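Now for the letters of each chain:
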Amino acid sequence: MMDTVERLRARDAVRRAIRRYFEREEFLEVEPPTLVPAPGMEPHITALSLDVDDGRGPPRRRYLHTSPEFAMKRLLSEGALRIYALPRVFRAGEHGPNHRVEFTMLEWYRAREDYEALMRDCEGFISAAAQILGRMHLGPLDLTPPYERLTLAEAFQRYAGVDLLRYLDPVDGRGLQQAAARAGISVVSPPDEDPEDLFERAFYEVMLARVEPAIGQTRPTFLYEWPAPLAALSRLSPKDPRVAERVELYAGGLELGNGFGELTDADEQERRFRAEQERRRRLGKPVYPIDPLFLRALRTMPPATGMAVGLDRVLLLLTGSRDLAEVLILERDD
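This is a predicted model, so every value here is computed, not measured.

A few points about the overall build of the protein
Stage number 1. Looking only at helices and strands, the protein features nine helices and 14 strands.
Stage number 2. Taken against the 2.2 N^0.38 rule, which gives 20 Å for 334 residues, the C-alpha radius of gyration of the protein at 20 Å falls within 12% of a compact globule.
Stage number 3. Scored against the burial criterion, the 334 residues of the protein give a buried share of 51%.
Stage number 4. Put simply, 69% of the contacts in the protein that link residues at least 6 apart link residues at least 24 apart.
Stage number 5. As displayed, the protein has an accessible area near 15600 Å², and 49% of this comes from carbon and sulfur atoms.
Stage number 6. Positive and negative charge centroids in the protein, built from 47 and 55 side chains respectively, lie 1 Å apart.

Some points on the pairing of strand 4 (residues 60-64)
Stage number 1. Across two bridges, the pairing between strand 2 (residues 35-36) and strand 4 is antiparallel. Note that in strand 4 the partner of Val36 across the bridge is Tyr63.
Stage number 2. Where strand 3 (residues 48-52) lies against strand 4, five bridges are found, and the strand directions are antiparallel. Paired with Leu50 across the bridge in strand 4 is Arg62.

Looking at unusual backbone geometry
Glycine aside, negative phi is the norm for most residues, and most peptide bonds take the trans geometry.
Stage number 1. With omega at 0 degrees, the peptide bond leading from Pro145 into Pro146 counts as cis.
Stage number 2. Residue Pro170 is reached from Asp169 by a cis peptide bond, and omega for that bond is 0 degrees.
Stage number 3. Structurally, Pro170 can be placed in the loop between helix 4 (152-160) and helix 5 (173-182).
Stage number 4. If you check the backbone angles, Arg112 has positive phi at about 60 degrees while not being a glycine.

Quick notes on the rules
Sequence positions are assigned chain by chain, starting from 1 and proceeding in written order. Side-chain atom pairs in this predicted model are given and counted only at pLDDT of 80 or more, local residue features only at pLDDT of at least 70, and totals for whole chains, interfaces and linings cover all residues. Only hydrogens and water are set aside; all other atoms, that is, all heavy atoms of the structure, feed into the side-chain values. A run of H or I in DSSP becomes a helix once it reaches four residues, and a run of E becomes a strand once it reaches two; helices and strands are each numbered from the N terminus. When we talk radius of gyration, it's over C-alpha atoms, and the globule rule is simply 2.2 Å times the number of residues to the 0.38. Accessible area is worked out with a 1.4 Å probe on protein chains only. A residue is then buried under 20% of its type maximum, exposed over 50%, and partly exposed in between. Should any heavy atoms of two residues lie within 4.5 Å, those residues are counted as being in contact. Methods summary: accessible areas were calculated by the Shrake-Rupley approach with a probe of 1.4 Å, and residue burial reflects only the protein chains presented. None of His or the chain ends enter the tally, which takes Lys and Arg as positive and Asp and Glu as negative. Here the site of a charge means atom NZ of a Lys, CZ of an Arg, CG of an Asp or CD of a Glu. Only strands that DSSP links by at least two bridges are regarded as paired with each other.

Here's what the structure looks like:
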């Protein structure tokens with residue numbers, strides 16, 4: 001395990017490599033606000049909240065952002081073309097070797113570019129950081145670009161023998177559950193579970209059991225074209241509306257990042273937010289307000305792509321550490 005000064009040097013080297021990469025690509029570094037009126041709405045992410053007295057009347061409920069996404073998209077709507085940020089973000093209830101309540105996120109956006117550019121960005125800054133640390137080869141894992149690219153349908157077929165696209169039109173959670181069972185993967189669910197909830201449950205059981213253990217072991221792997229029910233804030237593919245322009249990056253057993261061809265249809269985004277509010281109610285999770293400024297920004301936001309990568313997980317990978325406590329500086333558990 002590295003001592004504190006060695007960890008500081010490694011963290012500084014990786015941050016410098018990231019900044020140099022984005023400067024060469026003509027990005028602007030921005031500083032999105034940490035306190036926001038509405039956090040992300042993803043059903044399995046919980047925000048930290050507090051009542052803020054800003055001297056303008058009674059205290060108002062605010063949230064520590066779970067991602068700078070909403071603020072950065074508002075900048076795109078105001079004319080920014082290439083922007084990135086390295087903020088601290090916060091997610092309640094997350095603790096483990098690969099999770100913490102507070103961590104550093106690298107997030108960036110490209111206006112009027114497709115999401116293949118995001119994959120090239122990941123290859124560029126990760127390999128640059130690895131070279132600086134002398135860590136291009138981590139056992140069997142080679143960080144030299146290009147990295148592997150697989151659709152989710154290809155990955156499910158290759159590693160689980162499941163025809164994922166068959167269960168997408170219409171969404172057939174029970175069918176995917178049965179396909180998983182034939183592949184030897186048990187998916188336990190209530191008999192009256194909502195079809196989309198069951199689809200997501202079965203999908204992630206296959207991912208965890210068969211796909212994630214197999215990918216990103218000898219070179220990093222991008223998984224793209226995610227099922228439309230898991231689109232989040234991404235747009236549907238114009239080639240096949242059963243899938244969305246979403247991509248995730250895996251390497252050495254870690255999920256490093258999540259990117260989208262961004263949804264810019266404000267009406268569709270509001271519909272998704274309301275569906276996610278209802279889903280949070282069903283799951284007994286806090287229900288967050290919808291940010292009207294964000295929806296307004298979508299109406300003038302240009303086509304764009306964006307991605308978020310956990311900086312601390314990149315450090316975990318590059319330093320050969322086993323727990324985020326080894327790469328977070330001055331973390332305390334008392």
